Amino acid sequence: MNVPVTHASFSLERRLNAPPSRVFAAFADHASKKKWFGGPPEWYQGESSLDFREGGRETDVGGPEGGWVSTMHAIYHDIVDDERIVYTYEMLLDGRRMSVSLSTIELTADGGGTVLTLTEQGAFFTGSAASDAEQVAGREEGTAGLLDALKAYVDAA
């Protein structure tokens, strides 16, 4: 079956009360990343791995207990310490690919803090424009929630 594709992009910005090195470390260190990156506390955590280097891969599996399974597979393409992370990732729901995205995270020093800008360009494959629009809105909302969790984590450290 030929499933239509919907292209979408968004950009989000956060001002973090931590230097770029601390923000970067929150992405680069697996134990640190697990403290802010994930689903709600009631979700189960499946496989989780992080090989943070150019060409390295990341996997994160989880979902509501007894419900659907969300799987993220990422590949890191460009990493500049304390400045930039560029990666692609696919999202699967119960083993079915729902999207493939290119994400760029830029960290800019701002006084004693950091301005983080995340830009995502995605291809979404749900099969209907209405479903794709919901998925795009949900992705932006979910990503915003992850950035809020990152902010809380690095601001408290």
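Use the structure listed above.
Residues numbered from 1 in each chain as written. Predicted model: local features only at pLDDT ≥ 70, side-chain atom pairs only at ≥ 80, totals over all residues. Heavy atoms only, no water.

Right, let's get into the sheet that holds strand β6 (residues 96-110). An order of β1-β7-β6-β5-β4-β3-β2 is seen for the seven strands of this open sheet, with the pairing classed as antiparallel. Bordering the open sheet on either side are β1 (6-16) and β2 (43-50), each of which pairs with just one other strand. Geometrically, the sheet is characterised by an average inter-axis angle of 15° between neighbouring strands, direction not taken into account. Alignment of strand β4 (residues 70-80) against strand β5 (residues 84-93), held across ten bridges, turns out to be antiparallel. (Pairing = 2+ DSSP bridges. Helix = DSSP H or I, 4+ residues; strand = E, 2+ residues; numbered from the N terminus. Axes fitted to C-alpha atoms, helices over the stretch in contact; angles between N-to-C directions.)

Turning next to the pairing of β5. When you tally the buried positions in β5, you get seven out of ten residues, the bulk of the element. Between β4 and the antiparallel strand that follows it, β5, lie three residues; Asp 82 among them carries a positive phi value of about 65°. Taken together, the ten bridges between β5 and β6 define a ladder with antiparallel strand orientation. Its bridge partner lying in β6, Tyr 87 is registered against Ser 103. Where β5 folds back onto β6 in an antiparallel hairpin, the turn is made up of two residues, including Asp 94, whose phi is positive at roughly 50°. (Buried < 20%, exposed > 50% of the residue type's maximum accessible area, 1.4 Å probe, protein only.)

Here the focus is helix α1 (residues 20-28). Every α-helix winds through 3.6 residues per turn, so residues three or four apart in the chain are directed the same way. Every buried residue belonging to α1 is among Pro 20, Val 23, Phe 24, Ala 26 and Phe 27, and all of these are buried. Taken down its axis, α1 places every buried residue within 150° of arc, on the same side. (Arc of directions from axis to C-beta.)

Counting residues in hydrophobic clusters, the biggest one holds 28 residues, and the most contacted among them are Val 23, Phe 27, Ile 85, Ile 105, Leu 116 and Leu 150. For this core, the secondary-structure elements that each account for two or more residues are β1, α1, β4, β5, β6, β7 (113-124) and α3 (129-156). Excluding anything up to four places from it in sequence, Leu 116 contacts Leu 12, Glu 13, Arg 14, Leu 16, Val 23, Phe 27, Ile 105, Glu 106, Leu 107, Leu 147 and Leu 150. (Core = buried A, V, L, I, M, F, W, Y, C linked by side-chain atoms within 4.5 Å. Contact = heavy atoms within 4.5 Å.)

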